[in-house]
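Listed here are the chains, written in short residue letters.
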Amino acid sequence: MRRNGRLSVAVLGAGLIGADLATKVMRSGSLDLRLVVGRDENTAGLRRLAALGMPVSGAGVASLVDVGEPVDVAFDATNAMAHAEHAERLVPRGTMLIDLTPSKIGHMVVPTVNGSDIVGHRDINMVSCGGQASIPVLHAITRAHRVDYVEVVTTAATLSVGRGTRLNLDEYIETTQDAVRHFTGVKEVKSILNISPATPPARFRVAMSMLGRDLAAGSVRAAVDAAAQRLRSFLPGFAVTACTVDGEKAFVAVEVTSTGDRIPEYAGNLDIINSAALHVAEKYAASRPEPAETP
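These numbers come from a predicted model, not from an experiment.

S.K.: Outline the pattern of salt bridges, supporting the account with residue identities and numerical values.
M.R.: Under the defined criterion, the tally for this structure stands at 12 salt bridges. Of the charged contacts, one joins Arg181 and Asp178 as a salt bridge, the two residues approaching to 3.0 Å between their closest N and O atoms. Here Arg181 pairs with Asp178, and both are found in helix α8 (residues 169–184), just 3 residues apart, close to one helical turn. On the accessibility criterion, Arg181 (29% relative accessible area) is partly exposed. Each of the salt bridges in this network shares a partner with another, and the network as a whole consists of Arg6, Asp32, Arg34 and Glu69.

Encoded structure:
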């Protein structure tokens, strides 16, 4: 429930994503961090967050179920296999569940494309980091041009890919492909994920190749720039590094530099999905009426 005008929030997962997300929530003016949840209080992630003064629990999702008052919003930063149980146990209690795993269970949301959908759903799926980086751009292009084929190649540094993501590589690719199809209407879609061991670590980047008709360099560039500007409203590290059109082929590349507190600059994959999830939660908070004051 609201405390000091803010919605109560929990974070499920204390890995790379969960730790940065918890820090972002603590800075929010509309969200109040009540708990960071793991499955073992002795894990390094929970110990680090506890040392920073954050409230933590090693009892898993039960720590959010076995309480009298449910939290308003819970971020699920665990893995796709666990999300089904979390949704089953938390959504009926009235909690808005924002899923950062590629589970495909909830309603897919890309904030600058269909952010208004959050008011009608209780289980929100944030697709994937590659989806959050590519779909705003591809959606903008396909609204103005016919595109028959899309290929999305995502590259992330190995140091930025945690255990949960590695467990869900197949789900990541399938979810990204399905989301691109859904938001663009293009049937032929291919998604590729590269995990780079390069030293120094490679920055997060997404390359999009398209085949279509009547592709004009000026209108494609205008669509890309407009999409990038909307993204930078909550993700300042988003940059377009290439945009070319050659006949029936178009190519766009983007890069995300992290501005997060708990993650390095090269880990833009973590920053983009966390920033998108936080943006969704804050939009949800803004849509909720303030509780009436007790006389």
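S.K.: Account for the side chain of Asn269, with residues named and values stated.
M.R.: For Asn269, the location among the structural elements is in helix α10 (residues 268–287). Residue class for Asn269 comes out buried when judged on its relative accessible area of 5%. A polar side-chain atom of Asn269 sits 3.2 Å from a polar atom in the side chain of Ser160. For Asn269, the contacting residues outside a window of four places in its chain are Cys129, Ala156, Ser160, Val161 and Phe204.

S.K.: Please set out the sheet that holds strand β10 (residues 204–213) residue by residue, giving values where relevant.
M.R.: The strands making up a sheet associate through backbone hydrogen bonding, with each pair oriented either parallel or antiparallel. In spatial order, the strands read β9-β8-β10-β12-β11; together these 5 strands make up an open sheet with mixed pairing. Whereas interior strands pair on both sides, the edge strands pair on one side only; in this sheet they are β9 (188–196) and β11 (238–246). With direction set aside, neighbouring strand axes in the sheet form an average angle of 15 degrees. Examined bridge by bridge, strand β8 (residues 146–157) and β10 share 9 bridges and lie antiparallel to one another. Counted as the bridge partner of Arg146 is Arg213 from β10. Across the sheet, helix α6 (residues 129–144) is in contact with β8, β10, β11 and β12 (249–256); its angle to β10 comes to roughly 30 degrees. With respect to the sheet, helix α9 (residues 217–231) is in contact with β11 and β12, its orientation differing from that of β11 by roughly 165 degrees.

S.K.: Residues and numbers for the nonpolar core, please.
M.R.: Among the nonpolar cores identified, the biggest contains 80 residues, and Phe75, Ile98, Phe238 and Val252 are the most heavily contacted of them. Of the residues that make up this core, three or more belong to each of domain 1 (7–126 + 274–287) and domain 2 (129–267). Of all hydrophobic cores here, the second largest spans 12 residues; its members include Leu35, Val37, Val65 and Val71.

S.K.: Give me α8: which residues, what numbers.
M.R.: Taking 1.5 Å of rise per residue, the 16 residues of α8 would be expected to cover 22 Å, and the 23 Å separating its terminal C-alpha atoms lies within 8% of that figure. Residues Tyr172, Thr175, Thr176, Gln177, Ala179, Val180, Phe183 and Thr184 constitute the buried set of α8. The inward-facing, buried residues of α8 contact β6 (107–108), α5 (111–114), β7 (123–125), α6, β8 and β9. The positive-phi residue at the C-terminal boundary of α8 is Gly185, with phi of around 80 degrees.

About the criteria used
Residues numbered from 1 in each chain as written. Predicted model: local features only at pLDDT ≥ 70, side-chain atom pairs only at ≥ 80, totals over all residues. Heavy atoms only, no water. Salt bridge = Lys/Arg side-chain N within 4 Å of Asp/Glu carboxyl O. Helix = DSSP H or I, 4+ residues; strand = E, 2+ residues; numbered from the N terminus. Buried < 20%, exposed > 50% of the residue type's maximum accessible area, 1.4 Å probe, protein only. Polar contact = N/O pair within 3.5 Å; in protein donor to acceptor, adjacent residues only side chain to side chain. Contact = heavy atoms within 4.5 Å. Pairing = 2+ DSSP bridges. Axes fitted to C-alpha atoms, helices over the stretch in contact; angles between N-to-C directions. Core = buried A, V, L, I, M, F, W, Y, C linked by side-chain atoms within 4.5 Å. Domains from an automatic or database assignment. Expected span 1.5 Å × (residues − 1).

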